[in-house]
Amino acid sequence: GNSVTQMEGPVTLSEEAFLTINCTYTATGYPSLFWYVQYPGEGLQLLLKATKADDKGSNKGFEATYRKETTSFHLEKGSVQVSDSAVYFCAQLYGNKLVFGAGTILRVKS
Amino acid sequence: DAGITQSPRYKITETGRQVTLMCHQTWSHSYMFWYRQDLGHGLRLIYYSAAADITDKGEVPDGYVVSRSKTENFPLTLESATRSQTSVYFCASRGAGPYNEQFFGPGTRLTVL
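Residues numbered from 1 in each chain as written. Chains lettered and ligands numbered in written order. Predicted model: local features only at pLDDT ≥ 70, side-chain atom pairs only at ≥ 80, totals over all residues. Heavy atoms only, no water.

### Some details on the side chain of R94 of chain B
And step 1. Looking at the secondary structure, you find R94 of chain B in strand β9 (residues 87-94).
And step 2. For the buried R94 of chain B, no salt bridge exists, and the shortest N-O distance to an oppositely charged side chain is 11 Å, to E101 of chain B.
And step 3. When near neighbours in sequence (up to four residues on either side) are disregarded, R94 of chain B contacts N96 of chain A together with H29, S30, Y31, F33, N100, E101 and Q102 of chain B. (Helix = DSSP H or I, 4+ residues; strand = E, 2+ residues; numbered from the N terminus. Buried < 20%, exposed > 50% of the residue type's maximum accessible area, 1.4 Å probe, protein only. Lys, Arg positive; Asp, Glu negative; His and termini not counted. Salt bridge = Lys/Arg side-chain N within 4 Å of Asp/Glu carboxyl O. Contact = heavy atoms within 4.5 Å.)

What follows is the structure, given as structure tokens:
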């Protein structure tokens with residue numbers, strides 16, 4: 001069935017380090033893909049999305065490219081900040097519903 | 001208040017009791033969703049609704065009941081709470097198109113003793 005797999009965390013980085021959080025999916029066809037972010041004590045917020053293969057979503061310095069060859073949608077940021085500490089969820093659109101990965105905790109130290 | 005709100009934010013109850021979690025949105029979004037968030041599982045869909053009086057099961061519906069008599073409200077009821085239903089519950093809503101952003105409420109932390 002349709003599923004999303006994310007790298008396990010927590011990921012701990014120093015400020016200004018490069019970030020990659022891996023995400024792969026299984027699906028029939030080419031679903032739209034999303035990254036959501038959850039800051040402590042809050043609900044999820046949409047970070048970026050890509051609706052077709054080879055699209056690149058970007059927001060707040062984060063980027064992810066929809067790679068159909070590798071069924072991946074890895075999240076990257078060139079220089080993380082302490083304020084980026086959060087839980088990041090990769091998701092795919094399956095019909096009218098989002099299917100989420102397990103989430104990856106990111107901790108950025110100053 | 002504009003947006004999507006949930007109440008209560010925290011709830012402690014006992015096994016076997018009925019509990020209702022409330023969700024209210026002010027955008028007149030057609031779709032509303034209930035998720036539970038558990039460590040290691042991410043978010044799992046419990047129920048969703050495409051419009052008033054239209055609801056459908058998600059991935060983990062057992063033990064839960066929903067209703068949607070008004071577009072803006074989507075309550076979730078645990079008819080007889082169990083310890084396994086201890087979790088953080090999130091409500092979400094979005095407009096009719098599937099690519100529309102899904103907006104999440106702040107969550108309800110439920111503990112079943």
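### Details of the environment of C23 of chain A
All names here are of chain A.
And step 1. Tracing the sequence through the fold places C23 in strand β4 (residues 23-26).
And step 2. A relative accessible area of 1% places C23 in the buried class.
And step 3. C23 sits 81 residues away from T104 along the chain, and the two C-alpha atoms are 9.9 Å apart.
And step 4. The residues touching C23, leaving out its near neighbours within four places in the chain, are V4, T5, W35, T71, S72, F73, H74 and C90.

### Considerations on empty space enclosed by the protein
And step 1. Inspection of every chain in the model, using the stated rule, returns 1 cavity of 30 Å³ or more.
And step 2. If you trace the largest cavity, you find it lined by F34, Y36, L93, N96 and L98 of chain A together with R94, P98, N100 and Q102 of chain B. (1 Å grid on protein atoms, 1.4 Å probe; cavity = no way out; pocket = protein on both sides within 12 Å on 5 of 7 lines; lining within 4 Å. Points joined across faces, edges and corners; volume = space filled by probe spheres on them.)

### Side note on unusual backbone geometry
And step 1. Between G9 of chain A and P10 of chain A the backbone carries a cis peptide bond, its omega angle lying at 0 degrees.
And step 2. Relative to the elements of secondary structure, P10 of chain A occurs in the loop between β1 (3-6) and β2 (11-14).
And step 3. Along the chain, S7 of chain B connects to P8 of chain B via a cis peptide bond; the corresponding omega equals -10 degrees.
And step 4. Looking at where P8 of chain B falls in the secondary structure, it is placed in the loop between β1 (4-7) and β2 (10-13).
And step 5. For D53 of chain B, which is not a glycine, the phi torsion comes out positive at approximately 70 degrees.
And step 6. As for its position among the elements, D53 of chain B is in the loop between β5 (42-51) and β6 (54-57).
And step 7. On the accessibility criterion, D53 of chain B (67% relative accessible area) is exposed.

The analysis is restricted to geometry; functional conclusions fall outside its scope.
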